[in-house]
Structure formats: C-alpha cells, structure tokens
Amino acid sequence: MIIDHTKLQFCSARSVPKSGLSSVLVFALLFYPVTNLSAKDGAEKSRWAVNSNSQLEKKKAAEKTLLVDTEAELASNAAAPDPIASNPTAPDPTAPDPAAVQANLEPSSPELNSPEESDESDSLEASQPNQRNDTLVGYDVTEGAAPLDIPAVNVSPIVAVSPELRESLERQFQEIQTLKETENAFSERLGESYLAYGRSLTQAGRTDEARSMLVNALHIAKINNGVTSIEQRPILRELFEMNLALGNTEEMTEQFSRIVWLEKKNPDDQDTYSFDIVVRLGNHYLDLYLNNRVISELSLSHLSNSIKYLGYAVNRYGDRPLSEVLLPYGELALAHYETSRIQHEVDRSFYRDTRQRTFNDLDKRQVKHSRRNSFSRSEGFLKDYLRKAKSERDLVNTIQALLGLGDLNLLTGRFMAANKYFDLAWTGAQNLPLTHPIVESFTSPVKLPAFNFSVVRKPPIQSRETELVALSINIDDDGRVRRVASEALIDTDKWTTTKARRLVKRYKFRPIIENAKLVPSKDYRYEVRVVSRKAKAVASKDSPKQ
C-alpha cells in the first residue's frame, strides 16, 4: 500500500486550528503600519538629507563668491585713499544717521500705520527745511486743461429779440422753405439749414420749435449718412445742451447714450468729442443730490449715476494727458464720500421662518456704507490723480491732488496724514507765483469738501427765498468750528441767526496754511445761506394737512 505523503501534509495543514490563523493575522495587521511608516520616514529622511546637502553646497558656493568679492573690494580700497583717514573730522558714510535712528526708536503713530494710511510710493518725499523749495523744482508749472464751464442756454422765450437774431431767424426760415420747394426732402443742405435754424431758435428761447427742427436735421442725417454715422453727434450735442438747460435728465441721458453707441460703431474715430458731455452729465447727477440732500432711494440713485458716468470718463480718457483733458477724479472722490452718508429705509417686519425672506426684503434692510470703504474709494481716485500728475511732472495738478488727499484725511479725522499732505502741498506751492489761486487759497479757510476740479461749479438755483447771514466764527487747527458769535454781523432776526449758528457748527474747514502748518483762525467772517422765515411760513402753509 502506497501512502501519499503530499496529501497527508495537505490534510495536516488544513487541520490547523482557527486560533492560530487569527493570531497570525492580528500580528500582521498590528505591525504592518509600523513597518510602512518606518519606510516612509526613511524615505523622508533620505530626501531631507539630499536637500540639506544641496543647500549646504549652495551656501559654500555663495560664501566663496562673497569671499572673492570681498578680496577684490579690499584690493580696491587699498589702492584708493581712505577719506576718513585723510580727514578725521569727515563723517563716516557707513555710520547710521542719528536722525533716522531716533525716528526708528520713536513709537509709530497708529493712524499712520492703519490700513487707511497712504502708501509712501504715492506721495512725494518731504524735503529738509533748507531744501524745501527744491522738492518739485523739476516739475512743469503749467495750468493744464482748464475746468469745464457749462454754457448758459436761455430756456425762457425772449420778448424783445435783437435785430440781428430776428434777421437771422427770418432768413433761415425762408431758406428752409425754398429748399423744400427746389430740392429733395432729404437733401443735405436742408438738414444743415434745419440745424442752423434750431440753434437760432434755442438762442431765442423757443425750445419747442428748436427741438422740432433739430429732430428733422437728425432724421435727414440718418437717411443720408446711415444710422451709425458719426455725423449725428453735433445735432445730438445741441439737443443735449437744450435738455441740460431745461433739466430733462432722462432725455439728456438718452442722447449721451446715443453718442456713445455711435462712437462704438465707429472705432476709427476715437477722439475727445464726448468727454465734456459725459463729465457734465455726471456732475448734473451730482448736483441733483447736492442741491437737495434728502436721504432717500432717489438720492442714492443720483449718486450712483454720477459715479457711473464720471467713472466712464476716467476709464475711457484716462490715457489722455492732463494738459488735454482734466479728468473728474475730485468729483468721484466727492461722490463716494457723500455716498457714505446715505442709508436705506429699514424694514422692521417680522417673519415666522427665516426662509420667508426674499431678496427684496433683504434689500430693504438698513444699508450704511462704512467709513473705511468710503475712504478707500475716495482716496484711491485722488491717488490715481496724484500718480498721473507726478508721471507728467505737472506741478499744479500735483498740488491739487495733495490738497484733495489732505482734505479727505481732515474730513475723516486722520490729522497726522492730513498734515503730511498739506506739508507736501505747501512745499510744491513755493515754486508758484504769489498771485496763483492755489497760493492765495492758503491765506484763508476753505469750506470742505472741496474736491471739485474738472468743472466750474455754479451756485445752485434756490427754489425758495433765502438769506445770507454773516457770522464771526473761530476755526481750530483741525478744521472744526469752535465758537460762533451769538449775534450776526448784519441786521437779521433772532430766528434766522439761530438757525445759521446751528448750521455753521456742522461745517468743517481747511484751516489757514502757513509755513506748512495749519493755523487756527479767530473772528473769521463767514456767510451762511439759510431759508428765510417768510419762505418757511409759506411752505408750511401750502403743505397738505394730515
């Protein structure tokens, strides 16, 4: 009988108890992670060793290079005479400046180290007192582009028309009638006659007839030159000027949009034709808010539109030099500063579940723009203005930008930063003639905010009767009104004087700047415009009763 030992071995192997197998598996599972981790640690250590060796070799090579440079430097120093050895009294150029060491030891101001503080690269370096007049000596003393002056368009009909204007109106009317009979209805000469006649009617104050003639000229220009022809811009400008004088905001906005659309359709004709239009449109929206500061959604809409159109002017014409166009950086800073003072109405309705809130309900919550955000946006535009003026080495615009930054920091309570900017502005103004308007503005306080640079802003037209009250006030070096005389300098009733005193206490001024320092003013005469008591009584009488 033959015995199969292989089978017996196999059978004996199968007869191993389960407890032995489980112990083997547990042993493997317990010690496998340790061995794996040790392998990983070994790999990491080997990589660390390789990196350390490579870094050590680089360090040795750098030390060798430094040693070679030092030996060459020593050889050159040995060949050249030592200035300190030849002159023991000469200062050591390698020694630190005592003033700089003292400045580093002094504790830094929290205001200047705050996120709102201006960057050193965006401002001019302050010079020493004995070199103060030479800080901006290389800058070009030019006036640059003049601020835009909004032309006065007569919108009320003139009863007594001048003989020249009457003759021009009669002649142009007869010319239009003749062209209608002799030429085509869409003749180019007829369109030019319509345009000239519309301008004359605008001068006479006959705005309805002028609008009709200008619309006819615009229609003929579209027929002859195409819907996207750039020749429509002069006619649209006349309509814009008329609606600006009439205060038709929607129509003038539509005409400007039409001009922008035409310029986009004609990319080869990229000029500054519409620059003054968009700047005046943005300032029109800004004036709508400044003339009636009512906290409402409409006021916020006016400021938003102002930022929209003024920002478009900066984005499109920002590459133009300041000697050609004066970009509205100041107006943008003013609009952002005023935006921080507006808040929405508060919706105080309650809900059983927070999921019932919709986006419209969330929009009704109180939204007040933070002072930090407003400051950063206003400061950003003024810094852009400063960079552009510095790059073009334009002294006048550089000083304007520095004064704007100083005013903004003064309004927001950052007095140390404001003093720095006023110091730099004073330094640059020493290179201007004494009769320059900027130099003359240093001799008297200036009411803030005064960020108007690109447009000559005219006083608002008052819808109610107002009075000018002359007061004697004291202005501190931080721009605040500290004391107001109890009586006005002119004869006014007590009610008007009290209202003027309360109003002037809210104002803030840029103090007198003398030798780069802000100087307080005493007994300064300032006139405040307030609504008269008679107009107040009439307004309350005409108001509807509840």
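Residues numbered from 1 in each chain as written. Predicted model: local features only at pLDDT ≥ 70, side-chain atom pairs only at ≥ 80, totals over all residues. Heavy atoms only, no water.

**Thoughts on the overall build of the protein**
Scanning the protein for helices and strands turns up 19 helices and 7 strands. The long-range fraction of contacts in the protein, counting pairs at least 24 apart against all pairs at least 6 apart in sequence, stands at 74%. (Helix = DSSP H or I, 4+ residues; strand = E, 2+ residues; numbered from the N terminus. Contact = heavy atoms within 4.5 Å.)

**Section: the sheet that holds strand S7 (residues 521-531)**
Read from one edge of the open sheet, 3 strands run S3-S2-S7, paired in antiparallel fashion. Two strands bound the open sheet, and with one partner strand each, they are strand S3 (481-484) and S7. Neighbour-to-neighbour, the strand axes of the sheet open up by a mean angle of 45 degrees, direction not taken into account. Pairing of strand S2 (residues 466-475) with S3, which is carried by 3 bridges, proceeds in the antiparallel orientation. When the bridges of S3 are listed, Ile473 appears paired with Val484. (Pairing = 2+ DSSP bridges. Axes fitted to C-alpha atoms, helices over the stretch in contact; angles between N-to-C directions.)

**What about the pattern of salt bridges?**
Throughout the structure, instances matching the rule amount to 22 salt bridges. The closest approach of N and O atoms between Glu392 and Lys388, which form a salt bridge, is 3.4 Å. Note on Lys388: relative accessible area 12%, which makes it buried. In this structure, the salt-bridge partner of Asp478 is Arg482, at a minimum N-O distance of 2.9 Å. Judged by its relative accessible area of 10%, Asp478 is buried. Shared partners join several salt bridges into a network, and the residues in it are Arg233, Glu263, Asp271 and Arg316. (Salt bridge = Lys/Arg side-chain N within 4 Å of Asp/Glu carboxyl O. Buried < 20%, exposed > 50% of the residue type's maximum accessible area, 1.4 Å probe, protein only.)

**Things to note about a negative patch on the surface**
Taken together, the side chains of Glu188, Glu192, Glu231, Asp268 and Asp269 define an acidic patch exposed on the protein surface. Topologically, Glu231 is positioned in the loop between helix H7 (207-225) and helix H8 (233-246). (Patch = residues over 30% accessible without salt bridge, like charges linked within 9 Å, V, L, I, M, F, W, Y side chains within 5 Å. Areas by Shrake-Rupley, 256 points an atom, 1.4 Å probe, with all protein chains shown as cover. Lys, Arg positive; Asp, Glu negative; His and termini not counted. Charge placed at Lys NZ, Arg CZ, Asp CG, Glu CD.)

**Digging into the side chain of Thr466**
Position of Thr466 relative to the elements: it lies in strand S2. Look at Thr466 and you get buried, because its relative accessible area is 19%. Ignoring sequence-local partners within four residues, the contact set of Thr466 consists of Arg529, Val530, Val531 and Ser532.

**Topic: the packing of helix H10 (residues 275-290) against helix H12 (residues 329-339)**
The contact between H10 and H12 brings their axes to 11 Å, and the two run at 35 degrees. Every pair of crossing elements has a handedness; the one defined by H10 and H12 is left-handed. Facing Asn283, Leu286, Tyr289 and Leu290 of H10, the residues of H12 in contact are Glu331, Leu334, Ala335 and Glu338. Its residues placed into classes, the contact of H10 with H12 shows 5 nonpolar, 1 polar and 2 charged. (Left-handed = near helix turned anticlockwise from the far one by under 90°. Nonpolar A, V, L, I, M, F, W, Y, C, P; charged D, E, K, R; others polar.)

**Quick word on the pairing of S2**
Within S2, 8 of the 10 residues are buried, which leaves it mostly tucked inside the rest of the structure. As paired strands, S2 and S7 are joined by 9 bridges and run antiparallel to one another. Bridging across to S7, Ile473 finds its partner in Tyr524. Following S2, the chain reverses through 5 residues before pairing antiparallel with S3; Gly479 in that reversal takes a positive phi of roughly 90 degrees.

**Brief notes about the packing of aromatic side chains**
What describes a pair of aromatic rings is the distance from one ring centre to the other and the angle between the planes of the rings. Scanning all chains against the criterion turns up 10 aromatic pairs. Judged by centre distance (6.3 Å) and plane angle (50 degrees), the ring pair of Phe173 and Tyr197 falls under tilted. Remark: Tyr197 occurs in helix H6 (residues 188-203) and Phe173 occurs in helix H5 (residues 163-182); sequence separation between them is 24 residues. Judged by relative accessible area, Phe173 falls into the partly exposed class, the value being 38%. The residue whose ring lies beneath Arg237 is Tyr273, and the NZ or CZ to ring-centre distance is 4.5 Å. Its guanidinium or amino end placed over the ring of Tyr507, Lys447 lies 4.4 Å from that ring's centre, counting from NZ or CZ. (Phe/Tyr/Trp six-rings, centres within 6.5 Å; stacked < 30°, edge-to-face > 60°. Lys NZ or Arg CZ within 6 Å of the ring centre and 35° of its normal.)

**Focus on helix H11 (residues 297-317)**
Residues spaced three or four apart along an α-helix point in a common direction, a consequence of the helix completing one turn every 3.6 residues. For H11, with 21 residues, the first-to-last C-alpha span of 30 Å sits near the 30 Å given by 1.5 Å per residue. Buried within H11 are the following residues: Ser299, Leu300, His302, Leu303, Ser306, Tyr309, Leu310, Gly311, Ala313, Val314 and Tyr317. Those residues of H11 that are buried lie in contact with helix H9 (249-265), H10 and H12. (Expected span 1.5 Å × (residues − 1).)

**Let's talk about the packing of helix H15 (residues 395-411) against helix H16 (residues 415-429)**
At their nearest, the axes of H15 and H16 sit 8 Å apart, and the two run at 160 degrees to each other. In this view, H15 runs roughly antiparallel relative to H16, as classed from their interaxial angle. Here H15 runs over H16; the crossing is left-handed. For the pair H15 and H16, the contacting residues are Leu395, Ile399, Leu402, Leu403, Leu405, Gly406, Asp407, Asn409 and Leu410 in the first and Phe415, Ala417, Ala418, Tyr421, Phe422, Leu424, Ala425, Gly428 and Ala429 in the second. Residues that form the contact of H15 with H16 fall into these classes: 14 nonpolar, 3 polar and 1 charged. (Parallel < 35°, antiparallel > 145°, perpendicular 65-115°, else oblique.)

**Here we look at the confidence of the model for the protein**
Counting all residues, the mean pLDDT for the protein is 75, and 67% of those residues have values of 70 or more. This model gives residues 1-19 a pLDDT under 50, and the stretch forms 1 contact once residues within four places in sequence are excluded. Between residues 125-133, whose pLDDT stays under 50, and residues either more than four places distant or in other chains, the model counts 13 contacts. (pLDDT = per-residue confidence, 0-100.)

**Quick look at the side chain of Ser229**
Mapped onto the fold, Ser229 is located in the loop between H7 and H8. Among the polar contacts listed, one links the side chain of Ser229 to the backbone oxygen of Gly226, at a separation of 2.9 Å. In terms of polar contacts, Ser229 uses its side chain to reach the side chain of Gln232, at 3.1 Å. With sequence-adjacent residues up to four places away left out, Ser229 is seen in contact with Ala221, Leu262 and Asn266. (Polar contact = N/O pair within 3.5 Å; in protein donor to acceptor, adjacent residues only side chain to side chain.)

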